[in-house]
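What follows is the residue order along each chain.
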Amino acid sequence: MMTAMPEPVSLPQHHDRILILDFGSQVTQLIARRVRESGVYCEIWPFNQAGAERIKAYAPKGIVLSGGPCSVTDKDSPRAPQEIFDMNLPLFGICYGQQTMVTQLGGKVEKGDTREFGRAYVDVKEHNTLLEGVWDKGAHEQVWMSHGDRVSALPDGFRIVGASEGAPYAMIADDARKFYAVQFHPEVVHTPHGAALLKNFTHNVCGCGGDWTMAAFREEAIEKIRAQVGTGKVICGLSGGVDSSVTAVLLHEAIGDQLHCIYVDTGMMRAGESEQVVALFRDHYNIPLIHEDAGERFLNGLEGVSDPEMKRKIIGGLFIDVFEDCAKRIGGADFLAQGTLYPDVIESVSFTGGPSVTIKSHHNVGGLPERMNLKLVEPLRELFKDEVRALGVELGMHPDFVGRHPFPGPGLAIRIPGEITGEKLEILRKADTIYLEEIRGAGLYDAIWQAFAVLLPVRTVGVMGDERSYDYVCALRAVTSTDGMTADYYHFDHDFLSRVSTRIINEVRGINRVVYDITSKPPGTIEWE
């Protein structure tokens, strides 16, 4: 059964648009982010859900064909809609996108004698529009490859622009039809000038003007919210995170006191976080807010529970119950606002049209829309995380607030493997506060994607003040990432780690040993549970 596409975004027609057809690459979202960063709006659609009429209705200025895990030499492997080659639109094929373009236009792809994975170098043979101001003829440029198959014969009208050791047709062009293709991945940071190549495609080849800005989005989103909501009442669940906070501020600017916010304090927040949320929304923005302190209720529900999935289910279920109780107190709500982002929309549909990937929905409120007969308002569903942060700044929110590291919906509950108690929560809060203080003090906060402390379910022997101690172990975690899909541990110097360890052991009663997690993702995950 084919999975239905999410409704396309209904943007004003004056915005230039690029369409990205997805063949299942793990980095397709990076293509969209690079295009958006250049000021051009784009969407990602599965390759098999992009019929000619739908594409024409979307009216793109150009189409990008993504990479993917399949081989065009295999029977029934994915193909681009044949119609796109006759739409008089510029095309840019990347990796698998190059291979299917070549195959569909009469060229040939074969299994390579040598494979290229990781860093490679392309020798630029000829010049074209895609390379303007980026690479010159004769250049030897670093790129990032990930392929086993390779193009072995070009379709009519194409010429070689660049070659690598494992890909003699690493860059090709049909200038007359404005069809371009590369075997490497320009969207990843390991191709240093890849973003500039994509910008040349969107701006120089497709003629996009680069008018996709957060200022423009803000104005248009406010218009859309007002048109959808009318005079209705909206409730918004605040988690204390960036997504729900930006959602609330945007909604308040659009509809004022028609918005009512609910902050369910689970007791699993970081030190001072609840006070910060209440002060920001109730005092600074003067938004009607219910602050429900339900910490004891959540602790009771989690008593004796160690399994991480069970923890998540209990917290999710209790959150819905508490939120519903608060919403009934407000009364008369017509809409529920959620901080759904564009990656959630993309991931709800697999590129093969098969069963959807499960969305992480901890920032949403479960089955409440159906349970309470509420219509959804999702004003951020067109944006990536970095765009949400930019919108927050555009709305006047403090950069320190919108630039905070991601924080999981279940909160500190999944940073305490094993059973959760009030005592453990307090120990972890203190250790986490010290760790983040030191990171900020060293000027490292913005260089790190996410940093946090974990309280391990083991005790170890120590010596403190000439006495034997038997206390908990604290693990520190810090990673760098561009999208959270992959991550590497942050390479602190040992003086920094020593300073943090000394402070935690000296200042936090209950911890006598500190370790640092140097596991990358994969094979590990960023969080411990």
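Each residue is numbered by its place in its chain's sequence as written, counting from 1. The predicted origin of the model limits local features to residues at a pLDDT of at least 70 and limits the giving and counting of side-chain atom pairs to 80 or more, whereas totals for whole chains, interfaces and linings rest on all residues. Side-chain figures throughout are based on the complete set of non-hydrogen atoms in the structure, without hydrogens or water.

Participant: Describe in detail the state of the cysteines, supporting the description with residues and values.
Facilitator: Disulfide assignment relies on a single distance test, namely cysteine sulfur atoms paired within 2.5 Å. The final tally for this structure, using the stated rule, is 0 disulfides. Cys 95 provides the cysteine sulfur closest to Cys 70, a residue in no disulfide bond, and the two sulfurs are 11 Å apart. Cys 236 provides the cysteine sulfur closest to Cys 261, a residue in no disulfide bond, and the two sulfurs are 4.7 Å apart. For every residue, the accessible area obtained with a 1.4 Å probe (protein chains only) is divided by the maximum for its type, and the residue is called buried under 20%, exposed over 50%, and partly exposed between those limits. Note on Cys 261: relative accessible area 1%, which makes it buried.

Participant: I'd like to hear about the packing of aromatic side chains, residue by residue, with values.
Facilitator: Two rings from Phe, Tyr or Trp (for Trp, the six-membered ring) form a pair when their centres are within 6.5 Å of each other. A pair whose planes differ by under 30 degrees is stacked, one over 60 is edge-to-face, and the rest are tilted. The tally for this structure, following the rule as stated, stands at 16 aromatic pairs. Ring geometry for Phe 23 and Phe 47: centres 5.2 Å apart, planes at 15°, overall stacked. Of the two residues, Phe 23 sits in the loop between strand 1 (17-22) and helix 1 (28-37) while Phe 47 sits in the loop between strand 2 (41-46) and helix 2 (52-58), which places them 24 residues apart along the sequence. The buried category is assigned to Phe 47, whose relative accessible area is 12%. The secondary structure listing takes helices from DSSP runs of H or I that are at least 4 residues long and strands from runs of E that are at least 2 residues long, numbered from the N terminus.

Participant: Quick one: what's the story with the environment of Met 87, residue by residue and with numbers?
Facilitator: Topologically, Met 87 is positioned in the loop between strand 3 (62-65) and strand 4 (91-94). The class for Met 87 is buried, based on a relative accessible area of 17%. Between the alpha carbons of Met 87 and Gly 62 there is a distance of 9.8 Å; along the sequence they are 25 residues apart. Contacts are assigned to residue pairs with any non-hydrogen atoms lying within 4.5 Å of each other. With residues up to four places along the chain from it excluded, the contact list for Met 87 reads Ala 52, Ile 55 and Lys 56.

Participant: Describe the packing of helix 5 (residues 214-229) against helix 6 (residues 242-255), and please don't skip the residues or the numbers.
Facilitator: Any two packed helices are characterised by the angle at which their axes cross and by the distance between the axes. Structural elements are reduced to axes, namely lines fitted to C-alpha atoms, with helices fitted over the stretch in contact, and the angle between N-to-C directions of any two is expressed from 0 to 180 degrees. One can describe the packing of helix 5 onto helix 6 by two numbers: an axis separation of 9 Å at closest approach and a directional angle of 65°. On the basis of their axis angle, the class for helix 5 and helix 6 is roughly perpendicular. Read as a crossing pair, helix 5 and helix 6 show a hand that is right-handed. Facing helix 5, whose interface residues are Arg 218, Ala 221, Ile 222, Ile 225, Arg 226 and Val 229, helix 6 presents Leu 250, Leu 251, Glu 253, Ala 254 and Ile 255. Angles are sorted into four bins: roughly parallel if under 35 degrees, roughly antiparallel if over 145, roughly perpendicular if 65 to 115, and oblique for all others. Each helix crossing is assigned a hand: it is left-handed if the near helix lies turned anticlockwise from the far helix by less than a right angle, otherwise right-handed if that turn is clockwise.

Participant: Break down the layout of surface pockets for me, citing the residues and quoting the values.
Facilitator: Taken as a whole, the second largest pocket spans an internal volume of roughly 790 Å³. The wall of the second largest pocket is formed by 35 residues, among which Ser 25, Gln 26, Val 27, Trp 144 and Ser 146 lie closest to the centre. Those elements that provide at least two residues to the lining of the second largest pocket are helix 1, helix 3 (96-104), strand 5 (108-124) and strand 6 (140-153). At 5 residues, strand 6 tops the list of elements feeding residues into the lining of the second largest pocket. Taken together, the residues that form the lining of the second largest pocket break down as 13 nonpolar, 16 polar and 6 charged. Whether a set of points on the 1 Å grid over the protein atoms alone is a cavity depends on a 1.4 Å probe fitting there but being unable to get out, while an open set qualifies as a pocket with protein on both sides within 12 Å along at least five of seven lines; lining residues are those with an atom within 4 Å of a point. Grid points are joined across faces, edges and corners, and a volume is the space filled by probe spheres set on the points. When residue character is reported, Ala, Val, Leu, Ile, Met, Phe, Trp, Tyr, Cys and Pro are called nonpolar, Asp, Glu, Lys and Arg charged, and the others, Gly included, polar.

Participant: Provide a residue-level description of the sheet that holds strand 11 (residues 259-265), including the pertinent values.
Facilitator: Read from one edge of the open sheet, 5 strands run 12-11-10-13-14, paired in parallel fashion. Because the sheet does not close on itself, it has two edges, and the strands there are strand 12 (289-293) and strand 14 (375-377). Strand-to-strand twist across the sheet, computed as the mean angle between neighbouring axes with direction ignored, equals 25°. Note on pairing: two strands pair once DSSP finds at least 2 bridges between them. In the sheet, strand 10 (residues 234-238) pairs with strand 13 (residues 335-337) via 3 bridges, with the strands oriented parallel. Among the inter-strand pairings, Cys 236 is bridged to a residue of strand 13, identified as Ala 337.

Participant: Lay out the environment of Val 205 in plain terms, naming residues and giving numbers.
Facilitator: By the secondary structure assignment, Val 205 is in helix 4 (residues 194-205). With near-sequence residues (within four places) excluded, Val 205 lies in contact with Pro 90, Thr 129, Lys 178, Tyr 180 and Asn 200.

Participant: So what's going on with helix 1? Residues and values would help.
Facilitator: Of all the 10 residues making up helix 1, 9 are buried; the element is thus mostly covered by neighbouring parts of the structure. Here helix 1 has its buried residues at Thr 28, Gln 29, Leu 30, Ile 31, Ala 32, Arg 33, Arg 34, Val 35 and Arg 36. A positive backbone phi angle near 85° is found at Gly 39, which sits one or two residues after helix 1.

Participant: Quick rundown of the confidence of the model for the protein? Include the residues and the values.
Facilitator: Each residue carries a pLDDT score, the predictor's confidence in it, ranging from 0 to 100. Confidence in the prediction for the protein averages 88 pLDDT; 91% of positions are at 70 or higher. Every residue in residues 1-12 scores below 50 in pLDDT, and together they form 41 contacts with partners more than four places removed in sequence or on other chains. Confidence over residues 352-365 falls short of pLDDT 50; this stretch has 34 contacts with residues more than four positions distant or in other chains.

Participant: So, the nonpolar core: which residues are in play, and what are the values?
Facilitator: Nonpolar cores are built from buried Ala, Val, Leu, Ile, Met, Phe, Trp, Tyr and Cys residues. Side-chain atoms within 4.5 Å join them into one set. Counting residues in hydrophobic clusters, the biggest one holds 123 residues, and the most contacted among them are Ile 84, Phe 281, Tyr 435, Ile 439, Phe 492 and Ile 504. Once you skip the residues sitting within four places of it in the chain, Phe 281 turns out to touch Leu 238, Ser 245, Ala 248, Val 249, Asn 286, Ile 287 and Leu 289. In terms of nonpolar packing, the next biggest core, distinct from the first, is built from 40 residues, Val 134, Tyr 180, Cys 206 and Tyr 342 among them.

Participant: Talk me through helix 14 (residues 422-441); I want residue IDs and the actual numbers.
Facilitator: End to end, helix 14 covers 29 Å across 20 residues, agreeing with the expected 28 Å (1.5 Å per residue, within 8%). Every buried residue belonging to helix 14 is among Lys 424, Leu 425, Ile 427, Leu 428, Arg 429, Ala 431, Asp 432, Ile 434, Tyr 435, Leu 436, Glu 438 and Ile 439, and all of these are buried. Tucked into the core, helix 14 has its buried residues touching helix 8 (295-302), strand 15 (450-464), strand 16 (467-480), helix 15 (494-507) and strand 18 (511-516). A positive backbone phi angle near 70° is found at Gly 443, which sits one or two residues after helix 14. Helix span is expected to be 1.5 Å times the residue number reduced by one.

Participant: An account of the packing of helix 6 against helix 12 (residues 385-394) is requested, with residue identities and associated values reported.
Facilitator: Running from amino to carboxyl end, helix 6 crosses helix 12 at an angle of 45°, the nearest separation of the two axes being 10 Å. With respect to their mutual orientation, helix 6 and helix 12 come out oblique. For the pair helix 6 and helix 12, the sense of crossing is left-handed. Together, Val 242, Asp 243, Val 246 and Leu 250 of helix 6 and Lys 385, Val 388, Arg 389, Leu 391 and Gly 392 of helix 12 make up the contact between the two elements. Considering only residue class, the contact of helix 6 with helix 12 consists of 5 nonpolar, 1 polar and 3 charged.

Participant: Which residues make up unusual backbone geometry, and what values go with them?
Facilitator: What you tend to see is this: most non-glycine residues have negative phi, and most peptide bonds are trans. Following Lys 521, the chain continues to Pro 522 via a peptide bond in cis, the omega torsion being -15°. Counting through the fold element by element, Pro 522 comes out in the segment after strand 18. For the bond from Pro 522 to Pro 523, the omega torsion is 10°, close enough to zero to count as cis. For Pro 523, the location among the structural elements is in the segment after strand 18. A positive phi angle is found at Asp 76, which is not glycine, with a value near 65°. The phi torsion at Cys 95 lies on the positive side, around 55°, for a residue other than glycine. Turning to its location among the elements, Cys 95 is positioned in the loop between strand 4 and helix 3.

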